[in-house]
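# Architecture and fold: a report
What follows is the residue order along each chain.
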Amino acid sequence: EAGVVQSPRYKIIEKKQPVAFWCNPISGHNTLYWYLQNLGQGPELLIRYENEEAVDDSQLPKDRFSAERLKGVDSTLKIQPAELGDSAVYLCASSLGEGAIYEQYFGPGTRLTVT
Amino acid sequence: AQSVTQPDIHITVSEGASLELRCNYSYGATPYLFWYVQSPGQGLQLLLKYFSGDTLVQGIKGFEAEFKRSQSSFNLRKPSVHWSDAAEYFCAVGIFFGNEKLTFGTGTRLTIIP
């Protein structure tokens, strides 16, 4: 069974440019998460989807970040415009259902460098 | 709100030696507790989890962890480490209902020396 797929794996952009990350969760997983992982830190939740509905986006900086999960499968996270402080690893995870009881499976992440 | 503290930023252990990584949590009720491992360039992989019951939990790759309510701790142990265990280890806490998310600690980087 394929795991969580993310692309690109690495991205270097100049500040003020837009950038987008793509995530394909494990087949059948209804819950999808986007996490931000700064260097030397643990992942922090940005947004959680149940099917196509964003049920927790309280930590998403909505002035520059947006996300969508059309048809409740793939998801895209966008930053526009990017700032130097956005340099980090963006992780996508998926689980069968909502709630901490369900194991989250993580993708390899996208490492973003903003210059 | 729940929180997790991993007091050791970096630990170095000789191959074959025993290992203990510390994790303390803060939460008013019994939490769900997890240990994840992250190898360079890889996503996080679940090592083990505690929900209830036996406080000594066995996981993959020979790891175990013990939940101690009195100390608010969930330390990870392995009796004999292998060079392939070198990675970053994250402790995380989740709650039963309401805010359905995991809160991660800042991680402990494990280095294995020959």
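Since the structure is predicted, the reported quantities are computational estimates derived from the model, not experimental observations. (Residues numbered from 1 in each chain as written. Chains lettered and ligands numbered in written order. Predicted model: local features only at pLDDT ≥ 70, side-chain atom pairs only at ≥ 80, totals over all residues. Heavy atoms only, no water.)

### Some details on the overall build of chain B
- When its secondary structure is counted, chain B shows 0 helices and 12 strands.
- Ordered by position from N to C terminus, the α and β elements of chain B give β-β-β-β-β-β-β-β-β-β-β-β.
- What you see for chain B is a C-alpha radius of gyration of 14 Å, in line with the 13 Å of a compact globule of 114 residues.
- Seen along its three principal axes, the alpha-carbon backbone of chain B occupies a region of about 45 × 30 × 20 Å.
- The buried share among the 114 residues of chain B stands at 49%.
- For chain B, restricting intrachain contacts to residue pairs at least 6 apart in sequence, the fraction spanning at least 24 positions comes to 54%.
- With an accessible surface of roughly 5,300 Å², chain B has 51% of that area assigned to carbon and sulfur atoms.
- If you average the places of the 9 positive and of the 9 negative side-chain charges in chain B, the two averages end up 4 Å apart. (Helix = DSSP H or I, 4+ residues; strand = E, 2+ residues; numbered from the N terminus. Rg over C-alpha atoms; globule rule 2.2 N^0.38 Å. Buried < 20%, exposed > 50% of the residue type's maximum accessible area, 1.4 Å probe, protein only. Contact = heavy atoms within 4.5 Å. Areas by Shrake-Rupley, 256 points an atom, 1.4 Å probe, with all protein chains shown as cover. Lys, Arg positive; Asp, Glu negative; His and termini not counted. Charge placed at Lys NZ, Arg CZ, Asp CG, Glu CD.)

### A closer look at the side chain of A:Gln6
All names here are of chain A.
- Looking at where Gln6 falls in the secondary structure, it is placed in strand β1 (residues 5–7).
- According to the relative accessible area criterion, Gln6 is buried, its value standing at 5%.
- Of the polar contacts made by the side chain of Gln6, one reaches the backbone nitrogen of Gly109; its length is 2.9 Å.
- With sequence-adjacent residues up to four places away left out, Gln6 is seen in contact with Trp22, Trp34, Tyr90, Leu91, Cys92, Gly107, Pro108, Gly109 and Thr110. (Polar contact = N/O pair within 3.5 Å; in protein donor to acceptor, adjacent residues only side chain to side chain.)

### A closer look at unusual backbone geometry
Residues and elements named next belong to chain A.
- In the segment running from Ser7 into Pro8, the intervening peptide bond is cis, with an omega of -10°.
- Among the secondary structure elements, Pro8 is positioned in the loop between β1 and β2 (10–13).
- At Lys16, a residue that is not glycine, the phi angle is positive and equals roughly 80°.
- Tracing the backbone through its elements, the reader meets Lys16 in the loop between β2 and β3 (19–24).
- Phi at Lys71 is positive, roughly 60°, even though this residue is not glycine.
- For Lys71, the position within the fold is in the loop between β7 (65–68) and β8 (75–79).

### A word on the environment of A:Tyr49
All names here are of chain A.
- In this fold, Tyr49 is placed in strand β5 (residues 44–50).
- Taking relative accessible area as the criterion, Tyr49 reaches 3% and is therefore assigned buried.
- In the structure, Tyr49 is positioned 32 residues away from Gln17 in sequence and 26 Å away in space, judged by C-alpha atoms.
- For Tyr49, the residues in contact, after removing those within four places along its chain, are Asn30, Thr31, Leu32, Ala54, Ala67, Glu68, Arg69 and Ser75.
- A polar side-chain atom of Tyr49 sits 3.0 Å from the main-chain carbonyl oxygen of Ala67.

### Comments concerning the packing of aromatic side chains
- Per the stated rule, a full pass over the model turns up 15 aromatic pairs over all chains.
- On the numbers, 6.1 Å between centres and 25° between planes, the contact of A:Tyr33 with A:Tyr35 is stacked. As far as burial versus exposure is concerned, A:Tyr33 and A:Tyr35 are alike and both buried.
- Measuring from centroid to centroid gives 6.4 Å for B:Tyr50 and B:Phe74, while their planes differ by 45°, and the two rings are tilted. Of the two residues, B:Tyr50 is situated in strand β6 (residues 44–50) and B:Phe74 in strand β9 (residues 73–78); the sequence distance between them amounts to 24 residues. For the residue pair B:Tyr50 and B:Phe74, the accessibility class agrees, reading buried in each case. (Phe/Tyr/Trp six-rings, centres within 6.5 Å; stacked < 30°, edge-to-face > 60°.)

### Points about the sheet that holds β3(A)
Residue and element names in this part refer to chain A.
- Taken in spatial order, the 4 strands of this open sheet run β1-β3-β8-β7, and their pairing is antiparallel. Of all strands in the sheet, those with a lone pairing partner are β1 and β7, marking the two edges. Ignoring which end each strand starts from, the neighbouring axes of this sheet average 15° apart. (Pairing = 2+ DSSP bridges. Axes fitted to C-alpha atoms, helices over the stretch in contact; angles between N-to-C directions.)

None of the figures reported here should be taken as evidence of function without further support.
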